[in-house]
Amino acid sequence: FATAFDFREPHPETGLLVPVSPARRREIGRALSPLTHVAKGAAPTFIVHGDADDVIPIDQSRRLVARFKECGVACELAERPKQKHFGPWALK
């Protein structure tokens, strides 16, 4: 998944796109994370996540649900046993 985090920005002198520093990558990642955008007054949320997901660890959904609840937002996580990232099970 390295390419998903291969952030580049224009070099101040040349304007060419260059890779960002590890610190800048973390900064961008935090800005993109749903965790940083949860706030009181957010819409009630329902999340479906397979516990065998090999793309996004289920802990990320658990942390997101906890954050919603910290903010007083109704949120429910439906964990699907032995299911991977996506499938017809998600629609049932």
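Please refer to the structure higher up on the page.
This write-up is about the structure you can find in this document. (Residues numbered from 1 in each chain as written. Predicted model: local features only at pLDDT ≥ 70, side-chain atom pairs only at ≥ 80, totals over all residues. Heavy atoms only, no water.)

Re the overall build of the chain
A count of helices and strands for the chain gives two helices and four strands. In summary, the chain has a C-alpha radius of gyration of 17 Å against a globular reference of 12 Å for 92 residues, an excess of more than 25%. Based on the C-alpha atoms only, the size of the chain along its principal axes is roughly 50 × 30 × 20 Å. Put simply, 57% of the contacts in the chain that link residues at least 6 apart link residues at least 24 apart. Of the roughly 6900 Å² of accessible surface on the chain, a fraction of 59% belongs to carbon and sulfur atoms. Across the chain, the centroid of the 14 positively charged side chains sits 4 Å from that of the 11 negatively charged ones. (Helix = DSSP H or I, 4+ residues; strand = E, 2+ residues; numbered from the N terminus. Rg over C-alpha atoms; globule rule 2.2 N^0.38 Å. Contact = heavy atoms within 4.5 Å. Areas by Shrake-Rupley, 256 points an atom, 1.4 Å probe, with all protein chains shown as cover. Lys, Arg positive; Asp, Glu negative; His and termini not counted. Charge placed at Lys NZ, Arg CZ, Asp CG, Glu CD.)

Notes on unusual backbone geometry
One non-glycine residue, K82, adopts positive backbone phi at about 60 degrees. By the secondary structure assignment, K82 is in the segment after strand 4 (75-80). Among the residues examined, K82 registers a relative accessible area of 75% and is labelled exposed. (Buried < 20%, exposed > 50% of the residue type's maximum accessible area, 1.4 Å probe, protein only.)

Side note on the environment of L17
Within the element layout of this structure, L17 appears in strand 2 (residues 17-19). Given the relative accessible area of 57%, L17 is considered exposed. Taking the C-alpha atoms as reference, L17 lies 38 Å from C71; in sequence the two are 54 residues apart. Not counting residues up to four positions away in its chain, the partners in contact with L17 are R8, E9 and P10.

Brief notes about the nonpolar core
Residues V38, I47, L64, V65, F68, C71, V73 and C75 constitute the largest nonpolar core, which totals eight residues. For this core, the element with the highest residue contribution is helix 2 (residues 58-70), accounting for three residues. Among all residues touching F68, those that are not within four sequence positions of it are V38, A42, A43, T45, V73 and C75. (Core = buried A, V, L, I, M, F, W, Y, C linked by side-chain atoms within 4.5 Å.)

Here's the deal with the side chain of D53
Turning to its location among the elements, D53 is positioned in the loop between strand 3 (45-50) and helix 2. Buried within the structure, D53 lacks any salt-bridge partner; K84 is the closest side chain of opposite charge, at an N-O distance of 8.1 Å. Among the polar contacts made by the side chain of D53, one reaches the side chain of H49 at a distance of 3.2 Å. Of note is the side chain of D53, whose polar atom sits 2.9 Å from the backbone nitrogen of I56. Aside from chain neighbours lying at most four places away, what touches D53 is Q83, K84 and H85. (Salt bridge = Lys/Arg side-chain N within 4 Å of Asp/Glu carboxyl O. Polar contact = N/O pair within 3.5 Å; in protein donor to acceptor, adjacent residues only side chain to side chain.)

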